[in-house]
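Analysis of the macromolecular model
What follows is the residue order along each chain.
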Amino acid sequence: MAAREATLIVGLITADTSRSLVEEHLDELENLVDTAGGIVVDRLSQEREKPDPATLVGSGFLDRVAEIAENLEVQSVVFDEDLSASQIRNIEKKLPENIKILDRAAVILDIFALRARSREAQTQVELAQLNYLLPRLTRRWSHLSRQAGGIGTRGVGETQLEIDRRIITRRIALLKSKLAVIERDRRLRRKRRSDIPTLALVGYTNAGKSSLFRRLSRADVLVEDRLFATLDPRTRRIDLGHNIAALLVDTVGFVRKLPHHLVAPFRSTLEEASDADLVLHLVDASHPAWEEHLRVGQKTLENLDVDRGRVQIVLNKVDRLPGRRPPRLPGGLPGLPISALEGTGISEFRAGIRSRLLGAPEVRVLRIPLENPEAVQQAITLPHQLARHFEDEFLRLAIYSDEAQIAAHGLAPYRVARWEEE
Ligand SMILES: Nc1nc2c(ncn2[C@@H]2O[C@H](COP(=O)(O)OP(=O)(O)OP(=O)(O)O)[C@@H](O)[C@H]2O)c(=O)[nH]1
Ligand SMILES: [Mg+2]
């Protein structure tokens, strides 16, 4: 196995953030670097009023970064904030030649590239990578001109850069049209699906989406304590109990600071989510930053035009909480507590989803022909009966119930709008 790439990570504490928040973000970045196959050997952070437009961190601080990077013999330095093309160039000038300068987005793209399996995901990732690379193409960055490196004459390098840019631009156009075709096919496939309701599992990476997917569908999907284990969405038919079925879709995870040019190509992946009848927003309630994860998720869903009314928050990993007591959600939002790992709360979860999909309990009226004694028998055993009336040929019944319960007893065909004859 190749040795893990030694990496130094750098954070920035501004007036808008706090040290503890930045430390948390660096923890996550360390996790991202690890997932991408690197190893973080040290982390540094600078406190300053606001970012330096030229080099993100201050130039004096950058000298220290250079010195430490050299002493630790790192191969790359990763900044937790987005770096512009000119910032990368300026930072490059300060750091030793052989060290790669990356930002969080580049690391995420790298993980995506490692994880993409389907043709669609691979195409999306390559497109995102090229879009990211194009404005940042410098002599050190260009993969294509790296072979031509060492020549050392500026003119030749510049020409090579122009060629690279043209190759990339052409490739981007090709990938875009390829994706358009793949997406059209998928849209057609989706249309052809039966009209059983669709549930989409979304949430911060590592929240446990695939674990829940697996528990509900008994499917063999990859569950890993790694970030972005799932990149390709998958769909399975699941049983919600009481004879109610749904399609469940597992999707790619969210992460903070996922830049927009990255999200755009993944929009189609997440479109599955925005098209769903109900979006299940899974949150790892045992994570110290769960509230921020929840916010990032809600924001991403907002950007996808998913309104709050179609979202059900699910609090996962309650087995790791003291007393298994789920936290209270901000704004009094309702959340369904579960443990996907142990299976606790799953039947309540199923019931909760059923009532979200099929309507909360309310007074419903049934009108059942007496010539159907089985249905009559079913109906009179239902709880919460408010009124019962036998006519010549019908039993009329008012009950406090939900659609799911009525369907489960095979009584859905006998629903009528009101007690009185219309
Ligand atoms: N203790 C505990 N761990 C859980 C629970 N659910 C999931 N996990 C663990 O959390 C880790 C991530 O689970 P996944 O199901 O892969 O998470 P995911 O949301 O699909 O992650 P990505 O695909 O990377 O976005 C794994 O190590 C799981 O075993 C739970 O209820 N309790
Ligand atoms: Mg997953």
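Quick notes on the rules
Residues numbered from 1 in each chain as written. Chains lettered and ligands numbered in written order. Predicted model: local features only at pLDDT ≥ 70, side-chain atom pairs only at ≥ 80, totals over all residues. Heavy atoms only, no water. Helix = DSSP H or I, 4+ residues; strand = E, 2+ residues; numbered from the N terminus. Buried < 20%, exposed > 50% of the residue type's maximum accessible area, 1.4 Å probe, protein only. Contact = heavy atoms within 4.5 Å. Areas by Shrake-Rupley, 256 points an atom, 1.4 Å probe, with all protein chains shown as cover. Expected span 1.5 Å × (residues − 1). Phe/Tyr/Trp six-rings, centres within 6.5 Å; stacked < 30°, edge-to-face > 60°. Lys NZ or Arg CZ within 6 Å of the ring centre and 35° of its normal. Pairing = 2+ DSSP bridges. Axes fitted to C-alpha atoms, helices over the stretch in contact; angles between N-to-C directions.

1. Things to note about the overall build of the protein chain
Tallying secondary structure elements over the protein chain gives 12 helices and 14 strands in all. Looking at the protein chain as a whole, 48% of its 422 residues qualify as buried. Taking the contacts inside the protein chain whose residues are at least 6 apart along the sequence as the reference set, 68% of them involve residues at least 24 apart. Of the roughly 21200 Å² of accessible surface on the protein chain, 49% is carried by carbon and sulfur atoms.

2. Quick word on helix α2 (residues 59–71)
Compared with the 18 Å implied by 1.5 Å per residue over 13 residues, the 19 Å span of α2 between its first and last C-alpha is a close match. All of the buried residues in α2 are Phe61, Leu62, Val65, Ala66, Ile68 and Ala69. The inward-facing, buried residues of α2 contact β1 (5–13), β2 (38–47), β3 (76–79) and α3 (85–94). Immediately beyond the C-terminal end of α2, within one or two residues, lies Glu73, with a positive phi of roughly 55 degrees.

3. Structural notes on the packing of aromatic side chains
This structure, assessed with the given rule, holds zero aromatic pairs. Taking the ring centre of Tyr132 as reference, the NZ or CZ of Arg136 above it sits at 3.9 Å. Note that Arg367 overlies the ring of Phe394, its terminal NZ or CZ placed 3.6 Å from the centroid.

4. Describing the sheet that holds strand β11 (residues 362–369)
Sheet strands pair via backbone hydrogen bonds, and the direction of the pair is either parallel or antiparallel. Here four strands make up an open sheet; going across it, the order is β12-β13-β11-β14 and the pairing antiparallel. Two strands in the sheet have a free side with no partner beyond their single neighbour: β12 (385–390) and β14 (415–416). Taken together, the five bridges between β12 and strand β13 (residues 394–401) define a ladder with antiparallel strand orientation. Of the residues in β13, the one forming a bridge with Arg388 is Leu397. Where helix α11 (residues 373–380) meets the sheet, it contacts β11, β12 and β13, and its direction lies at approximately 155 degrees from that of β11.

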